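# Per-entry structural report
Spelled out from the first residue to the last, the chains are:
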Amino acid sequence: NAIYFYIHKRYHDALSSVELIDPKTCYWTHVIRIIVYGQLGDKTMAKQSIADLLEEVPTFATNALDLIEIWNLGPDDLKHIVEGLIKAGFDTENFEY
């Protein structure tokens with residue numbers, strides 16, 4: 001599971017896992033790519049993943065935390081996800097955690 005690997009800071013495993021999922025069937029693949037690329041420092045791929053996500057879910061930035069909280073993660077894990085979004089260059093002006 002990609003989010004499991006991400007939470008355990010196994011970023012390359014998270015990326016390998018998420019690559020098995022068709023992004024057309026689940027927009028969360030874009031989110032996971034964004035946070036993983038953010039943590040890996042790959043700004044080019046992070047920006048492309050952000051563009052892909054916002055094309056599919058244009059309102060993601062305005063309700064990102066509500067959507068991420070669906071995963072029922074603890075506060076430290078949520079902070080880790082937000083950290084990945086920030087490192088990726090995602091516009092996090094509208095939310096904090």
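What comes next concerns the included structure. Quick caveat, the model's predicted, so the values are computed rather than measured.

### Topic: the nonpolar core
With 30 residues, the main nonpolar core has Tyr6, Ile34, Val36, Leu53, Phe60, Ile68 and Phe90 as its most contacted residues. For this core, the elements supplying multiple residues, two or more each, are α1 (2-7), α2 (11-18), α3 (28-40), α4 (43-56), α5 (64-68) and α6 (75-88). Looking at this core, the element that brings in the most residues is α3, giving 7 residues. Beyond its immediate sequence surroundings of up to four residues, Phe60 is in contact with Tyr27, Trp28, Val31, Leu53, Leu54, Leu67, Ile68 and Phe90.

### Overview of the packing of aromatic side chains
Applying the stated criterion to the full structure yields 5 aromatic pairs. Between the aromatic rings of Tyr27 and Trp28, the centroid separation amounts to 4.9 Å while the plane-to-plane angle is 25 degrees, which identifies the pairing as stacked. Linked through ring pairs, Tyr27, Trp28, Phe60 and Phe90 together constitute an aromatic cluster.

### Section: the environment of Glu55
Structurally, Glu55 is set in helix α4. Linking Glu55 and Ile21, residues 34 residues apart in sequence, is a C-alpha distance of 18 Å.

### Brief notes about the side chain of Arg33
With respect to the secondary-structure elements, Arg33 resides in helix α3. Within the structure, the side chain of Arg33 is placed 3.1 Å from the side chain of Glu19, a separation counted as a polar contact. Once residues within four sequence positions are removed from consideration, Arg33 is found in contact with Leu15, Val18, Glu19, Ile21, Pro23 and Ser49.

### Quick word on α6
With 14 residues, α6 extends 20 Å between its outermost C-alpha atoms, agreeing within 8% with the 20 Å of an ideal straight helix rising 1.5 Å per residue. Considered for burial, the residues of α6 that qualify are Leu78, His80, Ile81, Val82, Gly84, Leu85 and Ala88. On its buried face, α6 is in contact with α1, α2, α3, α4 and α5. The positive-phi residue at the C-terminal boundary of α6 is Gly89, with phi of around 95 degrees.

Analysis parameters
- Residue numbering note: each chain is counted from 1, following its sequence as written.
- Since the coordinates come from a predicted model, pLDDT governs what is reported: local features require at least 70, and pairs of side-chain atoms require 80 or more to be given and counted, while whole-chain, interface and lining totals use all residues.
- Side-chain figures throughout are based on the complete set of non-hydrogen atoms in the structure, without hydrogens or water.
- The definition of a nonpolar core used throughout is a set of buried Ala, Val, Leu, Ile, Met, Phe, Trp, Tyr and Cys residues joined through side-chain atoms within 4.5 Å.
- The rule is simple: take the accessible area with a 1.4 Å probe, protein chains only, and divide by the maximum for that residue type; under 20% is buried, over 50% is exposed, in between is partly exposed.
- Numbering goes from the N terminus for both helices and strands, where a helix is a DSSP run of H or I of at least four residues and a strand is a run of E of at least two.
- Should any heavy atoms of two residues lie within 4.5 Å, those residues are counted as being in contact.
- When two rings of Phe, Tyr or Trp (its six-membered ring) have centres within 6.5 Å they constitute a pair, described as stacked for plane angles under 30 degrees, edge-to-face for angles over 60, and tilted for the intermediate range.
- Identification of polar contacts relies on pairs of N or O atoms within 3.5 Å, with a donor-acceptor requirement for protein atoms, meaning one able to donate a hydrogen and the other able to accept it, and with residues adjacent in sequence counted only if both atoms are side-chain atoms.
- Working rule for helices: expected span equals 1.5 Å times residues minus one.

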